[in-house]
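Next come the chains, spelled out residue by residue.
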Amino acid sequence: MDPAIRTDGLRKAYGDVQALDGLTFEVDRGEFFGLLGPNGAGKTTFINVLVGLVRKDGGTAEVFGFDVEGEYRQARDRIGLAPQEFNVDRFFPIHEVLEHKAGYHGVPQGEAERRAEEALKTVGIWEKRDTRFDWLSGGMKRRFLLARALVTEPELLILDEPTAGVDVQLRRDLWRVIERLNAGGTTILLTTHYIEEAERLCDRVAIVDSGRIVEVSTPDELRSRGTDQVHLTLSERPAAVPALDVEGVVETRLEGSTLVVTAQGGGTVAPDLLRELEYEGYDVLDLDIRRASLEEVFVDMTRTDEAAEPMGVIQ
Ligand SMILES: Nc1ncnc2c1ncn2[C@@H]1O[C@H](COP(=O)(O)OP(=O)(O)OP(=O)(O)O)[C@@H](O)[C@H]1O
Ligand SMILES: [Mg+2]
């Protein structure tokens, strides 16, 4: 079976800007896939190529095996998109906007009305059905964009920063809705700047930078590349930093009576640390492992040269 998304050597330039520079990767059917990358990395451009809003300069892109240009209709009918920018017909009641959208994708009127109702209820703005888009609050607008993406019952749901600027409650509501859809078999492609969101939701993430894939991996695997911190509280402040002969330890320092150990794989190093400290005669009162965050690893991977060298190097 063809994957949900397959792209190979995808290229797109806007003047001098190479927005996509040989983008190659696949998203499996049923996957919850995250696209992470700094502003301008090419995420939205990629999505726009998939839905036919942007014409690629080179390479291939397929959705469920359908070429996004040669077989536009088949590809597009399978995608529901909640875009980053609002692009909604502002003058009609929102339930009508949804019915038009479903109709455009070949859904008959009665069925379109049923789906519009279901989608508005799913995102919790059914009571606003007769309101114009303009008159919704910012968070409701985000909810509406998700409803519009759902009204065609897509096999592939693409969410381009669906939770940008929304409150914590709405973010959790949206997560619940898309997790349920994914559990029901819908493939999800999500872009986000909230790393916590990617960590929590995605099976795999691709890190995109300057129009290319830097890495594709699971959030756990990526996190394991960062270093963890093991905090060990001792009963007394030692006179000097105890010398610890434990594999994986990168750095050891004292903060009062707490020994802070930076290590690769905090979970596996911690028992060895405890044993070693006990053996050396220290009394450990408390242990706390702070895992590396995906954010830390992500920032490392996409750091620009200027950011890496904040002082600049003039030659
Ligand atoms: N229509 C356009 N005309 C000219 N340049 C564009 C156009 N659309 C995008 N670009 C440029 O292409 C690059 C990639 O933009 P894109 O919107 O794909 O990034 P992004 O990864 O979605 O970023 P963000 O996280 O800010 O949403 C940027 O340098 C952007 O300025
Ligand atoms: Mg974008």
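Source: prediction; values computed, not measured.

(A) The overall build of the protein, seen in detail. For the protein, the count of helices and strands is 11 helices and 14 strands. For the C-alpha atoms alone, the extent of the protein along its principal axes is close to 80 × 50 × 40 Å. For the protein, the residues scored as buried account for 34% of the 315 residues in total. Here the analysis covers contacts within the protein between residues at least 6 apart in sequence; of these, 67% occur between residues at least 24 apart.

(B) Structural context of the site of ligand 1. Around ligand 1, the neighbouring residues are Tyr14, Val17, Ala19, Gly37, Asn39, Gly40, Ala41, Gly42, Lys43, Thr44, Thr45 and Gln84. Looking at the shell around ligand 1, the elements that each hand over two or more residues are strand 2 (17-27) and helix 1 (43-50). Looking at the shell around ligand 1, its residues break down into four nonpolar, seven polar and one charged.

(C) Representation of unusual backbone geometry in the model. Located in the positive-phi region is Glu153, a residue other than glycine, with phi close to 45°. Judged by the 17 C-beta atoms lying within 10 Å of it, Glu153 is partly exposed.

(D) Focus on the sheet that holds strand 2. Read across the sheet, four strands follow the order 2-1-4-5 without closing on themselves; strand pairing throughout is antiparallel. Sheet topology places strand 2 and strand 5 (66-67) at the edges, where each strand pairs with a single neighbour. With eight bridges joining them, strand 1 (residues 5-14) and strand 2 adopt antiparallel strand pairing. Its bridge partner lying in strand 2, Arg11 is registered against Asp21. Packing of helix 1 onto the sheet brings it into contact with strand 1, strand 2 and strand 4 (58-63), and relative to strand 1 it is tilted by some 115°.

(E) Focus on the nonpolar core. Counting residues in each nonpolar core, the largest one holds 64 residues, and the members touching the most others are Leu50, Ala147, Ile158 and Leu189. Ranked by residue count, the leading element in this core is helix 5 (residues 138-150), at seven residues. Those residues in contact with Ala147 that sit more than four places away from it in its chain are Leu98, Ala119, Leu120, Thr122 and Val123.

(F) Quick peek at the domain arrangement of the protein. Segmentation of the protein into domains returns domain 1 (5-222) and domain 2 (227-291). Taken over C-alpha atoms, the centre of domain 1 sits 45 Å from the centre of domain 2.

(G) Region of interest: the confidence of the model for the protein. Looking at the protein as a whole, the pLDDT averages 90, with 96% of positions reaching at least 70. Predicted confidence is poor over residues 307-315, with pLDDT under 50, and the contacts of this stretch with residues over four places away or in other chains come to one contact.

(H) Examining helix 3 (residues 94-104) more closely. Looking at helix 3, one finds that the buried residues are Ile94, His95, Val97, Leu98, Glu99, Lys101 and Ala102. Those residues of helix 3 hidden inside the fold are in contact with helix 4 (109-122) and helix 5.

(I) Structural view of the environment of Gly15. Structurally, the position occupied by Gly15 is in the loop between strand 1 and strand 2. Linking Gly15 and Leu234, residues 219 residues apart in sequence, is a C-alpha distance of 61 Å.

(J) Highlighting the packing of helix 3 against helix 5. Running from N to C, helix 3 and helix 5 point in directions that differ by 30°, and their axes come no closer than 9 Å. In terms of axis orientation, helix 3 runs roughly parallel to helix 5. The two elements helix 3 and helix 5 meet at a crossing, and its hand is right-handed. On helix 5, the residues touching Ile94, Val97, Leu98 and Lys101 of helix 3 are Phe144, Ala147 and Arg148. A per-class count over the contact of helix 3 with helix 5 returns five nonpolar, no polar and two charged.

(K) Region of interest: helix 6 (residues 168-183). For helix 6, spanning 16 residues, the distance from its first C-alpha to its last is 22 Å, which sits close to the expected 22 Å at 1.5 Å a residue. Every buried residue of helix 6 is listed here: Leu174, Ile178, Leu181 and Asn182. Along the axis of helix 6, the buried positions cluster into a sector of 95°, meaning they face one direction only. Projecting away from the buried face of helix 6 at angles above 90 degrees are the exposed residues Val168, Gln169, Arg172, Arg176, Arg180 and Ala183. Contacts made by the buried residues of helix 6 are with strand 3 (32-36), helix 5, strand 7 (156-160) and strand 8 (187-191).

(L) Region of interest: the sheet that holds strand 6 (residues 79-82). With mixed pairing, six strands are arranged side by side in an open sheet as 6-7-8-3-9-10. The sheet is open, and its two edges are formed by strand 6 and strand 10 (212-217), each paired on a single side. Strand-to-strand twist of the sheet, defined as the mean angle between neighbouring strand axes without regard to direction, takes the value 15°. Where strand 3 meets strand 8, four bridges bridge the pair, whose relative direction is parallel. Paired with Phe33 across the bridge in strand 8 is Leu189. Packed onto the sheet, helix 5 meets strand 6 and strand 7 and runs at close to 170° relative to strand 6.

(M) Layout of the environment of Thr152. Counting through the fold element by element, Thr152 comes out in the loop between helix 5 and strand 7. Overall, the presence of 24 C-beta atoms within 10 Å leaves Thr152 in the buried class. Residues Thr152 and Val299 lie 147 residues apart in sequence; the distance between their C-alpha atoms is 37 Å. With residues up to four places along the chain from it excluded, the contact list for Thr152 reads Gly80, Lys101, Ala102 and His105.

So, how was this worked out
- Residues numbered from 1 in each chain as written.
- Chains lettered and ligands numbered in written order.
- Predicted model: local features only at pLDDT ≥ 70, side-chain atom pairs only at ≥ 80, totals over all residues.
- Helix = DSSP H or I, 4+ residues; strand = E, 2+ residues; numbered from the N terminus.
- Buried ≥ 20, exposed ≤ 12 C-beta atoms within 10 Å, placed from the backbone.
- Contact = placed C-beta atoms within 7 Å.
- Near = placed C-beta within 6 Å.
- Nonpolar A, V, L, I, M, F, W, Y, C, P; charged D, E, K, R; others polar.
- Pairing = 2+ DSSP bridges.
- Axes fitted to C-alpha atoms, helices over the stretch in contact; angles between N-to-C directions.
- Core = buried A, V, L, I, M, F, W, Y, C linked by C-beta atoms within 7 Å.
- Domains from an automatic or database assignment.
- pLDDT = per-residue confidence, 0-100.
- Parallel < 35°, antiparallel > 145°, perpendicular 65-115°, else oblique.
- Left-handed = near helix turned anticlockwise from the far one by under 90°.
- Expected span 1.5 Å × (residues − 1).
- Arc of directions from axis to C-beta.

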